[in-house]
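Analysis of the macromolecular model
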Amino acid sequence: MALLRLTTALLLVCAARLGAQTGKASETQVKAVFLFNFAQFVDWPPEAVPDSQAPLVIGILGGDPFGDLLDATVRGERRGARPFVVQRYQRVEDITRCDILFISRSVADQPEDILARLKNRPILTVSDADRFAERGGMIRFVTDRSRIRLQINPVAAEAAHLTISSKLLRVAEVITPTGR
Amino acid sequence: MSLRDWPIKQKLTAMLVLISGLVLLLTSAAFAGYQYWSLRQATRDALAVRGRIIAANSTASLAFANDADAREILSALRADPHIVAAVLYDKSGHVFAGYPAGVAGDVVPAVPGPDGYRFERGLLIGFQPVEQSGSQRLGTLYLASDLGAVYDTFRLSGVIGLAVMAVALLAAYLLSMVLQGTISQPILALAETAKAVSTRQDYSVRASKLGADELGALTDAFNQMLGRIEDQKNELQRYAAELEQRVEERTHELQERNESLRRNAAQLLAANTELDAFAYSVSHDLRAPLRSIDGFSQILLEDYAGKLDEAGQESLHRVRAASQRMGTLIDDLLKLARVTRAEIRTEDVDLSGMAQDIVADLQRTTPERQVEFAIAPGLKARGDARLLRVALDNLLRNSWKYTAKQPQPRVQFASVEANGGRAFMVRDNGAGFDMKYADKLFGVFQRLHSAADFEGTGIGLATVRRIITRHGGRIWAEGAVDQGATFYFTL
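My aim in this report is to walk through the structure given alongside it, one point at a time.

What counts, and where the lines are drawn
Residues numbered from 1 in each chain as written. Chains lettered and ligands numbered in written order. Predicted model: local features only at pLDDT ≥ 70, side-chain atom pairs only at ≥ 80, totals over all residues. Heavy atoms only, no water. Helix = DSSP H or I, 4+ residues; strand = E, 2+ residues; numbered from the N terminus. Buried < 20%, exposed > 50% of the residue type's maximum accessible area, 1.4 Å probe, protein only. Areas by Shrake-Rupley, 256 points an atom, 1.4 Å probe, with all protein chains shown as cover. Core = buried A, V, L, I, M, F, W, Y, C linked by side-chain atoms within 4.5 Å. Contact = heavy atoms within 4.5 Å. Buried area = accessible area lost by both parts, 1.4 Å probe. Salt bridge = Lys/Arg side-chain N within 4 Å of Asp/Glu carboxyl O. Pairing = 2+ DSSP bridges. Axes fitted to C-alpha atoms, helices over the stretch in contact; angles between N-to-C directions. Polar contact = N/O pair within 3.5 Å; in protein donor to acceptor, adjacent residues only side chain to side chain.

A few points about the overall build of chain A
A count of helical and extended segments in chain A gives five helices and 10 strands. The 180 residues of chain A split such that 42% are buried. As displayed, chain A offers around 9700 Å² of accessible surface, 55% of which is attributable to carbon and sulfur atoms.

As structure tokens, then:
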């Protein structure tokens, strides 16, 4: 009986830890999937696409929170004829050709500088930094009670000649930047 | 009443209504089947379209895990009351969002089935892939709709169909009531005419022709037939009348002839009677002077024999012989007349005994003649004994007389079968006669032999024939010259 009780307790502890881990991993994974999914709901201007088979680049600026989750998510996937490629950048200057850029929290304290450097380039900027959308970013991940919500700044996207699908806008919170 | 006995009007109407009903029924059934099938197809297509729209709309919800938005999209299905359940599964096959709220259980499969729309367990279900840009599989939409829409439409079209069918049948009935007349009317007219002809024997009626079709031709033929029958009937009547008239004429003629015959017969009878009476009285009255002639001749011969020479006596003898012969002649005539006048008394007569008596009398009066008589015994007949004796006496005496020149005279009396009946026969082997004079034998004063050969008056056989005739019998003779004669008679 004591053994059973002990076993149950152990199992409960294990389950709780596992759940916590899964929740954490899940959140990152969801973000990775979302990053991948953005490619489906955003159209780039023609000049941003060198040819129809050119790889679609998802870049990570700063510390990589995904590990190999993002690589695993995009592996083998295509948008039309374009395969997906994951690039990691430490500095803004390193960014050559990129379609979707995730700006890590590690470098996002002052996103304005980074965004200013990327201004007018057809790059979909994504981050989970605070008030990212209000500060000129295009899409922000918002964690709301273990759910990931989106905030989108369509004006910024429009400025970069990106077309965000109305469907995407539908599921997101549209942010209109104040100030500036 | 069996269908066979229905009036033709009802038959035609029933046929038309039945045919149109059957056509309507088959058409309706085919149409209903087609409609049911196409309704199901249409419903399935409609659900597929709806599924595609919802799937297209819910791509972002699935892609970015916004289940509230997904539910909102699904809740738009509220407009369709036939949607039983709608469920969005995410990429890994877990239920992501459902409609109506809290839907679960039987109608929601735990995991998505193969893509496509199909009918299952009275429901129309569909699994619609949710894809963005036609490549990225984001999840699966499940839709389940009941078939109420199909049944509602089907029921409505069924009601409409039944109403149309009822109206069409009514129209068909009314139309057939009118149209059947084109066929039944001439037939009924024909039947009416035929009935009139058969019941009233009236061949002058004619069926009215209502069209130029086969029935019209039939009517024409029928009328022609009636005309011919009428003509023939008239002709027959004419013939019958003619025949009747002819029969009447003939009857009249016959009556007239009968009348004249009767008159003739009466006249004849009267003449005969008169003749008989005349003959009798003449014969009777002739005897007295004859007796005087004979008596006075005898006196002359006896009392005046000495005064007469040989030649005178001879002449007186001749006078006496002649007057005696005349007496015999008168006797015979009297007998003949008596036979005619006498009344017949019918009784049983022993002909054999009668013949024996006659033969005995003959042998007694002329014993010098040796004639062989063969008389069959037991011959009997019914008739008048006195008259039959006269007849038999005449016949036997005849035979006796004509066998006089025969060395071995023989006379036979017997009965034989002749002409299918019994006849009496008197046969001799005497002088006979020539058959060509056979019909003259029985005439009065008809003699086939001269008095020099065989004496006689020529009245005997006439008397015999009259007796036989009066008995209702018949007499005839056969014979040849010098070969004998045979007389047959029936009674």
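From this point on, the discussion continues.
Considering the nonpolar core
Ranked by internal contacts, the top residues of the largest apolar core, which has 63 residues, are A:Phe38, A:Ile100, A:Leu124, A:Leu168 and B:Phe64. Considering each element in turn, this core owes the most residues, seven residues, to helix H1 (residues 2-41) of chain A. Ignoring sequence-local partners within four residues, the contact set of A:Leu168 consists of A:Phe38, A:Phe41, A:Val42, A:Leu150, A:Ile152, B:Ala60 and B:Phe64. Grouped together as the second largest cluster of nonpolar side chains are 37 residues, B:Leu379, B:Ala381, B:Leu395 and B:Phe442 included.

A look at the interface of chain B and chain A
On the side of chain A, 16 residues touch chain B, which itself brings 19 residues to the contact. With both sides pooled, the region where chain B packs onto chain A buries about 1500 Å², and carbon together with sulfur makes up 48% of that total. Its largest share of buried area at the contact with chain A, chain B owes to B:Phe64, B:Gln132 and B:Gln136, together 41% of the area lost on that side. The interface formed by chain B and chain A contains two salt bridges.

Focus: the pattern of salt bridges
Side chains that differ in sign of charge can pair as their charged atoms come close. Tallied over the entire structure, the rule returns 33 salt bridges over all chains. The partner of A:Arg79 in a salt bridge is A:Asp43, and the shortest N-O contact between them spans 2.9 Å. Of the two residues, A:Arg79 sits in strand S3 (residues 78-79) while A:Asp43 sits in strand S1 (residues 42-43), which places them 36 residues apart along the sequence. Looking at A:Arg79, the relative accessible area reads 19%, which means it is buried. On the basis of relative accessibility, which here comes to 42%, the residue A:Asp43 falls in the partly exposed class. Taking the shortest distance from any N to any O, the salt bridge between B:Arg206 and B:Glu230 comes out at 3.1 Å. Note that B:Arg206 is positioned in the loop between helix H4 (148-200) and helix H5 (214-303) and B:Glu230 in helix H5, a separation of 24 residues in sequence. By relative accessible area, B:Arg206 is classed as partly exposed at 38%.

Quick notes on the sheet that holds strand S4 (residues 123-132) of chain B
Residue and element names in this part refer to chain B. Within the open sheet, the five strands sit side by side as S2-S1-S5-S4-S3. Their pairing is antiparallel. Edge positions in the open sheet fall to strand S2 (95-99) and strand S3 (116-120), since each of these has one partner strand only. Strand-to-strand twist in this sheet, taken as the mean axis angle between neighbours without regard to direction, amounts to 15°. Relative to S4, S3 is paired through five bridges, and the arrangement is antiparallel. From the neighbouring strand, glutamate 120 faces S4, where its bridge partner is leucine 123. This element, helix H1 (residues 8-57), spans strand S1 (83-90), S3, S4 and strand S5 (136-146) of the sheet and lies at about 30° to S4. Lying over the sheet, helix H3 (residues 67-75) contacts S1, S2 and S5, oriented at roughly 35° with respect to S2.

Examining the sheet that holds strand S7 (residues 139-144) of chain A
Residues and elements named next belong to chain A. Read from one edge of the open sheet, eight strands run S3-S4-S2-S5-S6-S7-S8-S10, paired in mixed fashion. Strands with a single pairing partner mark the edges of an open sheet, and in this sheet they are S3 and strand S10 (173-174). Here two bridges tie strand S6 (residues 124-127) to S7, and the two strands are oriented parallel to one another. Paired with serine 127 across the two strands is arginine 140, which belongs to S7.

As for the environment of A:Glu93
All names here are of chain A. Residue position: glutamate 93 is located in the loop between strand S4 (82-89) and strand S5 (100-103). For the pair glutamate 93 and isoleucine 114, spaced 21 residues apart in sequence, the C-alpha separation works out to 9.6 Å. Side chain to side chain, glutamate 93 and arginine 117 meet in a polar contact 2.8 Å long.

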